[in-house]
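Architecture at a glance
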Amino acid sequence: MKFLPVSFLILALAAAAAFAYDPSPLQDICVATNDLNAGVFVNGKFCKDPKQATADDFLFMGFRNPGNTSNPLGSKVTPAFVDQFPGLNTLGISMARIDFAPGGLNPPHTHPRGTEVLVVVEGTLLVGFVTSNQLNNTLFTKVLYKGDVFVFPIGLIHFQLNIGNTYALAFAGLSSQNPGVITIANAVFGAKPPISADVLTKAFQVDKKVVDYLQAQFWYDNN
């Protein structure tokens, strides 16, 4: 059996790493459009003819007003991802506004395709992320105050909790135009169709009644 040259293996690994994140754009702009006849299909979206692009394609006004935190979590995430902000397409970046009522929580979740950097604009937040099994699920957590910045590595479970007695506001930047969101509780206990109770009772080492109760809850999505 012949073995591949080491140089070839190194090249293959380097290529795999290069494609692990959003690819670099090959043109100045690629404004996303739902027009299937628009032409080029890039990064999951069709591109508007660049000659038809306008300044409005690169403007997002969804952060002007506070998000509605009157919900079970007491928080509201307003995303500015490519679905809401077409001008981001192929640019490998996005943002989100996160509003918190006192005690409000942005629950444990992951972004499978993007690292997140968070800046606190108002209030006091307890934030943290948990590493993978490889690093023994270590929790890194800090209390953030106005002006503080914290980074959540790509794909790792993280959260933000308003521990102050007043409204809190934060903005996040993400390293993908479509970072994705997986809210852990919603995914595990609110999956459709539901994950087998046999799987969950074994995984969480709890009685089936507990799993039945959790699966019967309404898992609110604050995005």
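Residues numbered from 1 in each chain as written. Predicted model: local features only at pLDDT ≥ 70, side-chain atom pairs only at ≥ 80, totals over all residues. Heavy atoms only, no water.

1. Section: the confidence of the model for the protein chain
- In the predicted model, the protein chain carries a mean pLDDT of 88, and 84% of its residues have values of at least 70.
- The model gives residues 16-20 a pLDDT under 50, and that stretch makes zero contacts with residues more than four places away or in other chains. (pLDDT = per-residue confidence, 0-100. Contact = heavy atoms within 4.5 Å.)

2. Points about the pairing of strand 6 (residues 105-110)
- When strand 6 meets strand 11 (residues 157-162), the two strands line up antiparallel, connected through three bridges. Bridging across to strand 11, Asn106 finds its partner in Gln160.
- The pairing of strand 6 with strand 13 (residues 182-183) spans two bridges and is classified as antiparallel. Directly across from His109, in strand 13, lies its bridge partner Thr183. (Pairing = 2+ DSSP bridges. Helix = DSSP H or I, 4+ residues; strand = E, 2+ residues; numbered from the N terminus.)

3. Structural notes on the environment of Asn68
- Mapped onto the elements, Asn68 comes out in the loop between strand 3 (45-47) and strand 4 (75-80).
- Separated by 31 residues in sequence, Asn68 and Asp99 place their C-alpha atoms 7.7 Å apart.
- When near neighbours in sequence (up to four residues on either side) are disregarded, Asn68 contacts Ser75 and Lys76.
- Within polar-contact distance, the side chain of Asn68 engages the backbone nitrogen of Ser70 at 3.0 Å. (Polar contact = N/O pair within 3.5 Å; in protein donor to acceptor, adjacent residues only side chain to side chain.)

4. Section: the packing of aromatic side chains
- For the structure shown, the criterion picks out nine aromatic pairs.
- Where Phe60 meets Phe63, the ring centres are 5.2 Å apart and the plane angle is 80°; that geometry is what we call edge-to-face.
- A relative accessible area of 18% places Phe63 in the buried class.
- In this structure an aromatic cluster arises from ring pairing among Phe60, Phe63, Phe85 and Phe171. (Phe/Tyr/Trp six-rings, centres within 6.5 Å; stacked < 30°, edge-to-face > 60°. Buried < 20%, exposed > 50% of the residue type's maximum accessible area, 1.4 Å probe, protein only.)

5. Some points on unusual backbone geometry
- Across the junction of Lys192 and Pro193, the peptide omega takes the value -5°, indicating a cis bond.
- As for its placement among the helices and strands, Pro193 is situated in the loop between helix 2 (184-189) and helix 3 (197-204).
- The phi torsion at Asn136 lies on the positive side, around 65°, for a residue other than glycine.
- Secondary-structure assignment places Asn136 in the loop between strand 8 (125-130) and strand 9 (139-144).
- Taking relative accessible area as the criterion, Asn136 reaches 64% and is therefore assigned exposed.
- A positive phi angle is found at Gln205, which is not glycine, with a value near 55°.
- Turning to its location among the elements, Gln205 is positioned in the loop between helix 3 and helix 4 (208-215).

6. Details of the packing of helix 3 against helix 4
- Running from N to C, helix 3 and helix 4 cross one another at 115°; their axes reach a closest spacing of 9 Å. When the axes of helix 3 and helix 4 are compared, the crossing they make is right-handed. Contacts between helix 3 and helix 4 involve Ala197, Leu200 and Thr201 on the former and, on the latter, Lys208, Val211, Asp212 and Gln215. (Axes fitted to C-alpha atoms, helices over the stretch in contact; angles between N-to-C directions. Left-handed = near helix turned anticlockwise from the far one by under 90°.)

7. Description of the nonpolar core
- Ranked by size, the top nonpolar core spans 16 residues in total, and within it Phe100, Leu118, Leu125, Val127, Leu144, Phe150 and Phe152 carry the most contacts.
- Broken down by secondary-structure element, the contributors of at least two residues to this core are strand 5 (94-100), strand 7 (116-122), strand 8, strand 10 (149-152) and strand 12 (168-174).
- Discounting chain neighbours no more than four positions away, the residues touching Phe150 are Glu116, Val117, Leu118, Val127, Phe129, Phe140, Lys142 and Leu144.
- Listed in part, the six residues of the second largest apolar core include Ala80, Phe85, Leu88 and Phe171. (Core = buried A, V, L, I, M, F, W, Y, C linked by side-chain atoms within 4.5 Å.)

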